[in-house]
Amino acid sequence: MFPKPIEKTSRAWQITYQTLLPLALVVWLLPLIAVAMFSIKSSADFATGNYWGMPTSFELFNNYGKVFFESKMPQYMLNSFLITVPTVVGAVALSSMTGFALGIYKFKSNLWIFFMFIAGNFVPFQILMVPVRDLTIGLGMYDTKLGLVLFHIAFQTGFCTLFMRNFIRALPFELIEAARVEGIREWQIFWYIVLPLMKPALAALSVLIFTFIWNDYFWAVVLTQGPSAQPVTAGITSFNSQFVAQYHLMSAGSIVAALPPVAMFFLMQKHFIAGLTLGAVK
Amino acid sequence: MTSLTAGSTTPHKKGWYARNEIKVTPWLFLLPGILFFAVYVIAPIFQSFWISFHEWDGLGEKTYIGFANYERLATDRKFEVSFWNNLKWLFLYLLAIPLGLFIALLLNQKVWGIRLYKSLFFFPFVISQVVVGLVFSWFYLPREGLLNAVLVTFGMEPVNILGHPGTATYGIIAAGLWPQTAYCMILYLTGLNAVDPEQVEAARLDGAKGYKMLWYVILPQLRPATFIAFVVTIIGALRSFDLISVMTNGGPFGSTRVLSFFMYEESFSEFGFRMGYGAAIAVVLFLLMLCFIGYFLWSMFQDEKEGR
């Protein structure tokens, strides 16, 4: 193990380490702690310049209540869910199929198609912006959730295919050969043999894509406009212009907007990290 | 094994599909994915190239103007600023890799509660860049911000990082480094977990420790993690858009523009949409990125060839 396990070092260093750790964490999360503190203060504190002292009153429920009942925040949050969840389902479905095809079968263009998916996944969004926006308008889907969902599914398929194909490749190929000897049809191999084995990959990919899509901002501003379709990342701008310079409310709004992926991460940590670090170990 | 498989799938008197099942199935499975990907990702790349040779407001007719958009770029001061800022992003963003490694080494222990520490160090990565941008812009606020409150406590002059053209870009990059470092950290933590303990012990018996141990024994074993950290960091640096848009909107005086932001700004310019010019900027960004993408793909391709 590297570095040297702390239990095997001197007592003095052990104590230093144990005190250093929480301090480092506080410094690391300082900007976030600041926002969390802002979000429970009252507007009076800001008016009197009491930015960093103790809050004169505890306004947690008041501030967050305003976010939920006096702004369009719930609508934006709902939009975000209605965009994110179908995208996760679509991208995972498409890529388990492409991953299966590329991971199991040997044919000439296999690697080429695989690398097309990887390459597309690295491309800067901006080169897609003008044509995709044009296409979405042409399909009559500008400023709709569906327009955003379709694009996200397509783009995420690149990364998801990379992920799924590598996962399926690591499965024991003898299983598939044995099934073929038994005369099982190819689609049945996919459905009854490969898919059940892919559960960990499906879980990991779902949480990852959920986070990516929830946090998307660029496509939200390119493909949507108003509160009927905008997800929360784009909507927070209009939220902030509704409460200009009211830092306690803006902070509360940001925390609400950031919460679902954070909750997802803490609930599904194992899968999330397994997905994110795929390939970091050989 | 293979001959058995082939034998079982070519019996007589079966339909065309049954006879060609192994050949046809992968294409049926690939079809929806490829279709989506071709329409929304592959084709738009070529369309952008084509649009960049036109003058177009996004609605009316496109007028072919050859390389005029690119010639204009060459003399555009805004383009120059954006390009240099992109390079700043690229180099400074790479700091996330050593920083991430440092934190990973700090946290690679088995003390009580370390799992919670690891996830708390990691979780800035999960927050959307929009919120990270807002959080940092409030952190930097000249009057209300915590940064200046801390600086003043230590007897230093308060600063207005995002208000000055000389410092604004660095302020944004620092905000971007926060989640990116967390990402690199988690990659290295996973990598450190898989470091071969026997090699470490052997090296320790040979007297290697500290820095030398890290450089000659640990880092070579962390190569896959380092490769991925490079890929995601470089791509992330060149994609930077959210933070700039939220924190400064390109200002002050256009000093924080990067190509991706400049492209967006020109395409939806308040003086009419300039889609052709925007596409030309996107093409330049794409070509810049292509150098890296090409290298990444090449390395991955080498790995694939080694495999089965």
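On a predicted model such as this, the values are computed, not experimentally measured, just so you know.

Peer 1: Hey, could you run me through the overall build of chain B in this one?
Peer 2: Tallying secondary structure elements over chain B gives 16 helices and 2 strands in all. For chain B, whose C-alpha radius of gyration is 26 Å, the value lies well above the compact-globule estimate of 19 Å for 308 residues. The buried share among the 308 residues of chain B stands at 55%. In chain B, the share of contacts with a sequence separation of at least 24, taken over all contacts with a separation of at least 6, comes to 66%. Of the roughly 15,100 Å² of accessible surface on chain B, 66% is carried by carbon and sulfur atoms. For chain B, the separation between the mean place of its 22 positive charges and that of its 20 negative charges on side chains is 9 Å.

Peer 1: Even after reading the chapter, I still don't get the domain arrangement of chain A, so can you show me in this structure?
Peer 2: In many reports, interface size means the accessible area that the parts give up when they come together. Residues and elements named next belong to chain A. Domain annotation of chain A identifies domain 1 (6-68) and domain 2 (70-276). Averaged C-alpha coordinates put domain 1 and domain 2 at centres separated by 33 Å. Counting residues at the interface gives 14 residues for domain 1, matched by 13 residues for domain 2. Counting the surface domain 1 buries against domain 2, the share from its top three residues, Lys-66, Val-67 and Phe-68, is 50%. One can count 0 salt bridges joining domain 1 with domain 2. Summed over the shared surface of domain 1 and domain 2, the result is 2 residue pairs in polar contact (both at pLDDT 80 or more). For the side of domain 1 that touches domain 2, the secondary-structure elements that each account for two or more residues are helix 2 (30-38), helix 3 (43-47) and helix 4 (60-69). Across the side of domain 1 that touches domain 2, the residue classes tally to 7 nonpolar, 5 polar and 2 charged.

Peer 1: Please clarify how the nonpolar core should be interpreted in this entry.
Peer 2: A general trend in soluble globular proteins is that nonpolar side chains are found buried together. In this structure, Leu-128 and Trp-219 of chain A together with Phe-122 of chain B are the most contacted members of the largest nonpolar core, which totals 205 residues. In terms of residue count, the dominant contributor to this core is helix 16 (residues 275-306) of chain B (16 residues). Every residue in contact with Leu-128 of chain A, bar those within four places of it in the chain, is listed here: Val-123, Phe-151, Phe-155 and Trp-219 of chain A together with Tyr-40, Val-41, Pro-44 and Ile-45 of chain B.

Peer 1: Just checking my understanding: could you explain the interface of chain B and chain A for this structure?
Peer 2: The partner chain A presents 106 residues to the 110 residues of chain B that form the contact. Across the chain B/chain A interface, buried area totals approximately 10,200 Å², and carbon plus sulfur atoms make up 76% of it. Where chain B meets chain A, there are 3 salt bridges. Note that Glu-304 of chain B and Arg-165 of chain A form a salt bridge whose closest N and O atoms lie 3.0 Å from each other. Counting every contact that joins chain B to chain A gives 15 residue pairs in polar contact (both at pLDDT 80 or more). Top element by residues in the side of chain B that touches chain A is helix 3 (residues 21-51) of chain B. It accounts for 23 residues.

Peer 1: So what exactly am I meant to see when it comes to the pattern of salt bridges here?
Peer 2: Side-chain pairs of opposite charge can arise where the charged atoms are in close proximity. Taken as a whole and assessed by the stated rule, the structure comprises 10 salt bridges over all chains. Measuring nitrogen to oxygen at the nearest pair gives 2.6 Å for the salt bridge that ties Glu-266 of chain B to Arg-274 of chain B.

Peer 1: Is there a simple way to explain the packing of aromatic side chains in this structure?
Peer 2: Each aromatic ring pair is specified by the distance between its two centres and by the angle formed by the two planes. Residues and elements named next belong to chain B. Under the counting rule described, the total for this entry stands at 56 aromatic pairs over all chains. Here Phe-53 and Phe-67 contribute two aromatic rings whose centre-to-centre distance is 5.1 Å and whose plane-to-plane angle is 75 degrees, an arrangement assigned as edge-to-face. In this pair, Phe-53 is assigned in the loop between helix 3 and strand 1 (54-55) and Phe-67 in the loop between strand 2 (63-64) and helix 4 (68-75), connecting sequence segments 14 residues apart. When the ring of Phe-262 is compared with that of Tyr-277, the centres are 6.4 Å apart and the planes differ by 85 degrees; the resulting orientation is edge-to-face. Taken as a pair, Phe-262 in helix 15 (residues 259-267) and Tyr-277 in helix 16 lie far apart in primary sequence, 15 residues in all.

Peer 1: How should the confidence of the model for chain A be read in this particular structure?
Peer 2: Taken over all residues, the pLDDT of chain A has a mean of 90, while the share at 70 or more is 100%. Ranking the helices and strands of chain A by mean pLDDT puts helix 5 (residues 73-104) of chain A first, with 95, and helix 3 of chain A last, with 82.

Peer 1: So what exactly am I meant to see when it comes to helix 8 (residues 145-169) of chain A here?
Peer 2: An α-helical turn contains 3.6 residues, so a residue and the one three or four places further along point in the same direction. Residues and elements named next belong to chain A. When the terminal C-alpha atoms of helix 8 are compared, their 35 Å separation across 25 residues agrees well with the 36 Å that a helix rising 1.5 Å per residue should span. The sharpest bend along helix 8 comes to roughly 35 degrees, located at Thr-157. Of all 25 residues in helix 8, 20 are buried; the element is thus mostly enclosed.

Peer 1: What exactly am I supposed to notice about a nonpolar patch on the surface here?
Peer 2: Residues Phe-81, Val-85 and Val-89 of chain A make up a contiguous nonpolar surface patch of about 250 Å² in total accessible area. Within the fold, Val-89 of chain A resides in helix 5.

What counts and what doesn't
- Residues numbered from 1 in each chain as written.
- Chains lettered and ligands numbered in written order.
- Predicted model: local features only at pLDDT ≥ 70, side-chain atom pairs only at ≥ 80, totals over all residues.
- Heavy atoms only, no water.
- Helix = DSSP H or I, 4+ residues; strand = E, 2+ residues; numbered from the N terminus.
- Rg over C-alpha atoms; globule rule 2.2 N^0.38 Å.
- Buried < 20%, exposed > 50% of the residue type's maximum accessible area, 1.4 Å probe, protein only.
- Contact = heavy atoms within 4.5 Å.
- Areas by Shrake-Rupley, 256 points an atom, 1.4 Å probe, with all protein chains shown as cover.
- Lys, Arg positive; Asp, Glu negative; His and termini not counted.
- Charge placed at Lys NZ, Arg CZ, Asp CG, Glu CD.
- Domains from an automatic or database assignment.
- Buried area = accessible area lost by both parts, 1.4 Å probe.
- Salt bridge = Lys/Arg side-chain N within 4 Å of Asp/Glu carboxyl O.
- Polar contact = N/O pair within 3.5 Å; in protein donor to acceptor, adjacent residues only side chain to side chain.
- Nonpolar A, V, L, I, M, F, W, Y, C, P; charged D, E, K, R; others polar.
- Core = buried A, V, L, I, M, F, W, Y, C linked by side-chain atoms within 4.5 Å.
- Phe/Tyr/Trp six-rings, centres within 6.5 Å; stacked < 30°, edge-to-face > 60°.
- pLDDT = per-residue confidence, 0-100.
- Expected span 1.5 Å × (residues − 1).
- Bend = angle between axes of the 7 residues up to and from the residue.
- Patch = residues over 30% accessible without salt bridge, like charges linked within 9 Å, V, L, I, M, F, W, Y side chains within 5 Å.

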